[in-house]
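These are the residues of each chain, in order.
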Amino acid sequence: MKYLKFKNSSEQIPIGKLVCVGRNYAAHAKELGSEVPEFPIIFLKPASNVIYSGESVVHPSHSKNLHHEVELVLYIGEDIKNATDITAERAIQGYTVGLDMTLRDLQFEFKEKGDPWTLAKCFDTAAVLTDVVLKKDYQLKGDENISLSVNGTLRQNSSIRNMIFSPVEIVKFISARMTLEKGDLIFTGTPEGVGSVVQGDKIEASLENIGKITTQIE
Ligand code: ZN
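Remember, it's a predicted structure, so these values are computed and weren't measured experimentally. (Residues numbered from 1 in each chain as written. Predicted model: local features only at pLDDT ≥ 70, side-chain atom pairs only at ≥ 80, totals over all residues. Heavy atoms only, no water.)

(A) Inspection of the pattern of salt bridges at higher detail. Inspection of every chain in the model, using the stated rule, returns 11 salt bridges. For E181, the salt bridge identified is with K17, shortest N-O distance 3.8 Å. Of this pair, E181 sits in the loop between helix 5 (167-175) and strand 12 (185-187) while K17 sits in the segment before strand 1 (18-22), and the two are 164 residues apart along the sequence. According to the relative accessible area criterion, E181 is partly exposed, its value standing at 41%. The closest approach of N and O atoms between E69 and R104, which form a salt bridge, is 2.8 Å. Of the two residues, E69 sits in the loop between strand 4 (66-68) and strand 5 (70-76) while R104 sits in helix 3 (residues 104-113), which places them 35 residues apart along the sequence. Its relative accessible area of 4% is what places E69 among the buried residues. A residue is classified by how much of its surface remains accessible, and R104, at 1% relative accessible area, is buried. (Salt bridge = Lys/Arg side-chain N within 4 Å of Asp/Glu carboxyl O. Helix = DSSP H or I, 4+ residues; strand = E, 2+ residues; numbered from the N terminus. Buried < 20%, exposed > 50% of the residue type's maximum accessible area, 1.4 Å probe, protein only.)

(B) Geometry of the sheet that holds strand 13 (residues 195-197). Spatially, 7-4-13 is the arrangement adopted by the 3 strands of the open sheet, whose pairing is antiparallel. Each end of this open sheet is capped by a strand with a single partner; those strands are strand 7 (102-103) and strand 13. As judged from the 3 bridges shared by strand 4 and strand 13, these two strands associate in the antiparallel manner. Of the residues in strand 13, the one forming a bridge with H67 is S196. (Pairing = 2+ DSSP bridges.)

(C) Layout of the pairing of strand 1. The element strand 1 is extensively covered by neighbouring structure, given that 5 of its 5 residues are classed as buried. The alternating pattern of strand 1 places L18, C20 and G22 on one face and V19 and V21 on the opposite face, and all of these are buried. Of the strand pairs in this sheet, strand 1 and strand 2 (residues 41-45) are connected by 5 bridges, and their pairing is antiparallel. By the bridge assignment for strand 2, V21 is matched with I42.

(D) Focus on helix 5. With respect to burial, helix 5 is a largely interior element, 7 of its 9 residues being buried. Buried within helix 5 we find P167, V168, I170, V171, F173, I174 and S175. At its buried positions, helix 5 is contacted by strand 1, strand 2, strand 5, helix 2 (85-91), strand 6 (92-100) and strand 12. (Contact = heavy atoms within 4.5 Å.)

(E) Spotlight on the packing of aromatic side chains. Inspection of the entire model under this criterion finds 3 aromatic pairs. On the numbers, 6.2 Å between centres and 20 degrees between planes, the contact of F39 with F173 is stacked. Separated by 134 residues along the polypeptide, F39 in the loop between helix 1 (26-31) and strand 2 and F173 in helix 5 bring together distant segments of the chain. Of the residues examined, F39 reaches a relative accessible area of 51% and is grouped as exposed. Ring plane angle 50 degrees and centroid distance 5.5 Å describe the contact between F43 and W117, whose orientation is recorded as tilted. Here the residue F43 occupies a position in strand 2, and W117 occupies one in the loop between helix 3 and helix 4 (118-121), the gap between them amounting to 74 residues. The pair formed by F43 and W117 is uniform in burial state, with each residue classed as buried. (Phe/Tyr/Trp six-rings, centres within 6.5 Å; stacked < 30°, edge-to-face > 60°.)

So, in structure tokens, the structure goes:
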């Protein structure tokens, strides 16, 4: 079982499901040749995919195009169903930065065939996290910088203000369709600049005032 890590708290909370939003930045939807969605596009990753900053992402041998996606991640701190603006805001009890590692070649194949993306998004080490910053320690202002570099070269550099759906809108949308539970994490989508990484590459990913991930591909 994987546990959450918190900054300034030693609480032991198992990681629940990882609910991920696709195409939540218009410029990223465009770079993938996709339309800007009318509703959030949702997929899941299992908690067993999680590793922490400092550990290595293992490049699966069944893909030739492993991509990085840096994202704001919401920590759900209480069970919630059919959230309102107020209860959604209350259920989001912290934030961290995450990497949604993606097998882009498989994803394009699956999309073309109309098959589920599951195996493009789910593999061991496919979700990289760092410590959750609780809201009582820091409230997001909404214009924090989000960035990622590979071997020192900046590839993704945006602001969370460019998100199409806000954290509250995302929690309302998901919780109207499935219960969110304490320990669940929501990956809120990546800005433009996604690209390939290969074995030996070093990734640094940051979300301003929240945290930084360092990892390498092995
Ligand atoms: Zn993503």
